[in-house]
Amino acid sequence: MNPAKEFLGTPRVLVLVAYVLEKSLQKNEKLLEKTRREDAITIFHGWRPPGLSIRQYIERIFKYARCSNSCFVVAYIYINKFLQRTDACLSSLNAHRLLITGVMVAAKFLDDECYDNAYYARIGGVSTAEMNRMEMKFLFSLDFSLYVTTEVFMNCCLKLENEGGKYQNGDADPRLWPRRRPARQR
């Protein structure tokens, strides 16, 4: 996949998040296979990898959840924080469930309007009970610490752009950063 190429109708930041997650997933699976190390099994592990790629799954979430683009960046931050705190690795067995949970939690925290857990469960292809359990595990693993500073957010956008390979000199193009929706007039 070429992250520099935008997919029709998909914001560039989502393409970059998908690219970086897929790259990380492939690297982790090669490392686990090479070292024969067992990954920490969490509630987010499925029995088998889903039929959708990360990019296709992100596009599905984007299409149906209608959350802001910023939610995907913040979900990426949350997922990394979760993985660090739980000693788990991103793999084809847990990436999709972590992603739907991360986006749902980010949307609830960031956006003015968002759907309920049952709707996110349908988008993600899991049961509502499973979505509820994943949300609770995710939130407790993050110690309910959901606030992301502007600095952390912007650094994450820069990291995504750099890892996406478009900006070799480290200069990020602010025009590509997710835009906040305008505030509602009262």
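Residues numbered from 1 in each chain as written. Predicted model: local features only at pLDDT ≥ 70, side-chain atom pairs only at ≥ 80, totals over all residues. Heavy atoms only, no water.

Per an unreviewed UniProt entry, the recorded name for the chain is Cyclin, and the organism is Salix udensis. In its Sequence similarities (unreviewed entry) section, UniProt records this for the chain: "Belongs to the cyclin family. Cyclin U/P subfamily." (UniProt positions renumbered as here; feature names shortened; annotations may be inferred.)

Trainee: Where do I start with the confidence of the model for the chain in this structure?
Mentor: Predicted coordinates in areas of low pLDDT are best not read in detail. Summarising the model, the chain shows a mean pLDDT of 83, and 81% of its residues fall at 70 or more. Within the model, the stretch residues 1-7 combines pLDDT values under 50 with 18 contacts to residues more than four positions away or in other chains. Per-residue pLDDT stays below 50 along residues 167-186; that stretch engages in 31 contacts with residues further than four places along the chain or on separate chains. (pLDDT = per-residue confidence, 0-100. Contact = heavy atoms within 4.5 Å.)

Trainee: Would you mind showing me how to read the nonpolar core here?
Mentor: Of all hydrophobic cores here, the largest spans 54 residues; its most connected members are Ile61, Tyr78, Leu99, Tyr120 and Phe138. Where this core is concerned, the elements lending two or more residues are α1 (12-35), α2 (54-65), α3 (69-86), α4 (95-110), α5 (117-124), α6 (128-141) and α7 (150-163). Per element, the largest residue contribution to this core is 11 residues, and it comes from α3. (Core = buried A, V, L, I, M, F, W, Y, C linked by side-chain atoms within 4.5 Å. Buried < 20%, exposed > 50% of the residue type's maximum accessible area, 1.4 Å probe, protein only. Helix = DSSP H or I, 4+ residues; strand = E, 2+ residues; numbered from the N terminus.)

Trainee: Just to check I follow, could you spell out the environment of Val126 for this structure?
Mentor: Summarising the element assignment, Val126 is placed in the loop between α5 and α6. As for Val126 and Arg97, which are separated by 29 residues in sequence, their C-alpha atoms are 8.4 Å apart. Once residues within four sequence positions are removed from consideration, Val126 is found in contact with Arg97, Ala121, Met131 and Met134.

Trainee: How should the side chain of His96 be read in this particular structure?
Mentor: Note on placement: His96 falls in helix α4. The exposure class of His96 is buried, given its relative accessible area of 8%. Those residues within four positions of His96 in sequence are excluded, and the remaining contacts are Pro50, Leu52, Ser53, Ile54 and Tyr57.

Trainee: Honestly, the packing of α3 against α4 in this entry has me stumped. Any pointers?
Mentor: When two helices pack together, their arrangement is given by the angle between the helix axes and the distance between those axes. Contact geometry of α3 with α4 gives a least axis separation of 8 Å together with a crossing angle of 120°. Taken together, the axes of α3 and α4 lie oblique to each other. The crossing of α3 and α4 is right-handed. On α4, the residues that touch Ser70, Cys71, Phe72, Val74, Ala75, Tyr78, Ile79, Phe82 and Leu83 of α3 are Leu98, Leu99, Gly102, Val103, Val105, Ala106, Ala107, Phe109 and Leu110. When its residues are assigned to classes, the contact of α3 with α4 shows 16 nonpolar, 2 polar and no charged. (Axes fitted to C-alpha atoms, helices over the stretch in contact; angles between N-to-C directions. Parallel < 35°, antiparallel > 145°, perpendicular 65-115°, else oblique. Left-handed = near helix turned anticlockwise from the far one by under 90°. Nonpolar A, V, L, I, M, F, W, Y, C, P; charged D, E, K, R; others polar.)

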